[in-house]
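An overview of the molecular structure
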Amino acid sequence: ALSAFAGYALAYRNIILPNVFVSKIDVGGLSKEVAEAKIVKTFKENPNKIVISKEDGTEIKLLSTLNIKRNALWAAEQALKIGRSGDIFGDSRQRLDLFFNTKELVVPLEFNESDLDDLVDEVSATASMEPVWPRIVKNKNGFELVKGKSGLKINSDKLKSEVR
């Protein structure tokens, strides 16, 4: 068992351990440089979107104007450090855990807060809808129920915290 563990440690000495993900991107088994390139490419191919799901299941999709920046080098370095803290027992436990579970790292977002405020204000102005209340109206045959429509109000504070 000790020789198997030593072989595993040698095999992964300069590459990221298996089952490590950065923002849902599988970087396990890659060098830091290759992982960084994969992260940059994936972020470039998938532009920033904000999706607001309404209660009726429909969605409002917006391309973000936030100019979000992510530090792919930092993310690749953090992925490489997993199981390499210098604590032999903690590192062994973490490496063993990666045989059965995944480890997900989230890359912090960097953007201008005032741009976020402007975007949320725009979304609130365009997506919000006043409700139409149901009512009973009198017609020539008696009374008729006119169905209402749900309204939509954007919770600006919650939206901002979800984007952050």
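Shown above is the structure to which this text applies.
This text gives an overview of the structure that appears in the document.

Reading guide: rules and limits
- Residues numbered from 1 in each chain as written.
- Predicted model: local features only at pLDDT ≥ 70, side-chain atom pairs only at ≥ 80, totals over all residues.
- Heavy atoms only, no water.
- Helix = DSSP H or I, 4+ residues; strand = E, 2+ residues; numbered from the N terminus.
- Expected span 1.5 Å × (residues − 1).
- Buried < 20%, exposed > 50% of the residue type's maximum accessible area, 1.4 Å probe, protein only.
- Arc of directions from axis to C-beta.
- Contact = heavy atoms within 4.5 Å.
- Salt bridge = Lys/Arg side-chain N within 4 Å of Asp/Glu carboxyl O.
- Phe/Tyr/Trp six-rings, centres within 6.5 Å; stacked < 30°, edge-to-face > 60°.
- Lys NZ or Arg CZ within 6 Å of the ring centre and 35° of its normal.
- Core = buried A, V, L, I, M, F, W, Y, C linked by side-chain atoms within 4.5 Å.
- Pairing = 2+ DSSP bridges.

Notes on helix α2 (residues 32-45)
A rise of 1.5 Å per residue sets the reference length of α2, with its 14 residues, at 20 Å; its end C-alpha atoms lie 20 Å apart and thus fit the reference within 8%. Among the residues of α2, those classed as buried are A35, I39 and F43. Burial along α2 is one-sided: seen end-on, the buried residues are contained in an arc of 65°. In this structure, α2 carries E33, K41, K44 and E45 as exposed residues pointing more than 90 degrees from its buried face. Against β1 (20-22), β2 (25-26), β5 (69-70) and α3 (72-81) lie the buried residues of α2.

Examining the pattern of salt bridges
Tallied over the full model, the rule gives 2 salt bridges. Of the charged contacts in the structure, one is a salt bridge between E77 and K32, with a shortest N-O distance of 3.9 Å. Within this pair, whereas E77 is found in helix α3, its partner K32 is found in helix α2, the two being separated by 45 residues in sequence. Given the relative accessible area of 28%, E77 is considered partly exposed. We note a salt bridge from E45 to K41, for which the minimum N-O separation is 3.6 Å. One end of the pair is E45 and the other is K41, both in helix α2 and 4 residues apart, which spans about a single turn. Comparing E45 with K41, the two get one shared label, exposed.

So, the packing of aromatic side chains
This model, assessed by the stated rule, comprises 0 aromatic pairs. Across the ring face of F43, the terminal group of R70 is positioned such that the distance to the ring centre comes to 4.1 Å.

Considering the nonpolar core
Within the largest apolar cluster, 17 residues are counted, with the highest numbers of intra-cluster contacts made by I16, V20, V22, V27, I39 and A79. If you list the elements that add at least two residues to this core, you get β1, α2 and α3. For this core, the leading source of residues is α3, giving 4 residues. Leaving out residues up to four positions away in the same chain, V20 has contacts with I25, D26, V27, G28, A79, I82, L98 and K103.

Here we look at the sheet that holds strand β6 (residues 103-105)
An order of β2-β1-β6 is seen for the 3 strands of this open sheet, with the pairing classed as mixed. In this open sheet, the two edge strands, each paired with only one partner strand, are β2 and β6. Pairing analysis gives 2 bridges linking β1 to β2, with the strands arranged antiparallel. In the sheet register, V22 faces β2, and the bridge partner there is I25.

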